[in-house]
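Here is what each chain is made of, one letter per residue.
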Amino acid sequence: QVQLVESGGGLVQAGGSLRLSCAASGRTFSSYNMGWLRQAPGKERELIGSISRNGGITWYGDSVAGRFTISRDNAKNTVYLQMNSLKPEDTAVYYCAASLSLLKVVTSTTGWEYWGQGTQVTVSS
């Protein structure tokens, strides 16, 4: 088991930036693939980005590639999501998730075993 707590959400103007953080408990943080997912009302859950256990491989969804950056600091048990050039369509609840998948990096929306409580991101036009 791992406990995940997101922070950093809020209200920003279109074109602005925001950095989300996810703090994980436990001594085995580096054993998990980590990801950020989001869900807006009436829309399917969407994988935004994921990162391999050692941080060497990252993956981004088409909707955010080039604007968002995922990173992790295993010494601090923390994963980050830097969001730039935000658009109103980025408005959603953002979740941090962890997986023990044997894959180098997880690129699917399903299969995430552990989730944080979520943090709201609202982008005004």
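Quantities reported herein were computed from a predicted structural model and do not represent experimental measurements. (Residues numbered from 1 in each chain as written. Predicted model: local features only at pLDDT ≥ 70, side-chain atom pairs only at ≥ 80, totals over all residues. Heavy atoms only, no water.)

Caption draft 1: Summary view of unusual backbone geometry. Phi angles above zero are rare outside glycine, and N77 is one such case at about 50 degrees. Inspection of the secondary structure assignment puts N77 in the loop between β7 (68-73) and β8 (78-83). According to the relative accessible area criterion, N77 is buried, its value standing at 17%. Positive phi outside glycine occurs at S85, with the angle close to 50 degrees. (Helix = DSSP H or I, 4+ residues; strand = E, 2+ residues; numbered from the N terminus. Buried < 20%, exposed > 50% of the residue type's maximum accessible area, 1.4 Å probe, protein only.)

Caption draft 2: Spotlight on the sheet that holds strand β3 (residues 18-24). Ordered in space as β1-β3-β8-β7, the four strands form an open sheet in which the pairing is antiparallel. Looking at the sheet topology across the chains shown, the edges are occupied by β1 (4-7) and β7. The sheet shows a mean angle of 15 degrees between the axes of neighbouring strands, direction not considered. Pairing between β7 and β8: six bridges, direction antiparallel. Of the residues in β8, the one forming a bridge with S71 is Y80. (Pairing = 2+ DSSP bridges. Axes fitted to C-alpha atoms, helices over the stretch in contact; angles between N-to-C directions.)

Caption draft 3: Spotlight on the side chain of T119. Its location among the elements puts T119 in strand β11 (residues 119-124). Within the local environment of T119, its side chain forms a polar contact with the backbone nitrogen of G9, the two atoms lying 3.3 Å apart. Among residues more than four places away in sequence, those in contact with T119 are E6, G9, L20, A92, V93 and Y94. (Polar contact = N/O pair within 3.5 Å; in protein donor to acceptor, adjacent residues only side chain to side chain. Contact = heavy atoms within 4.5 Å.)

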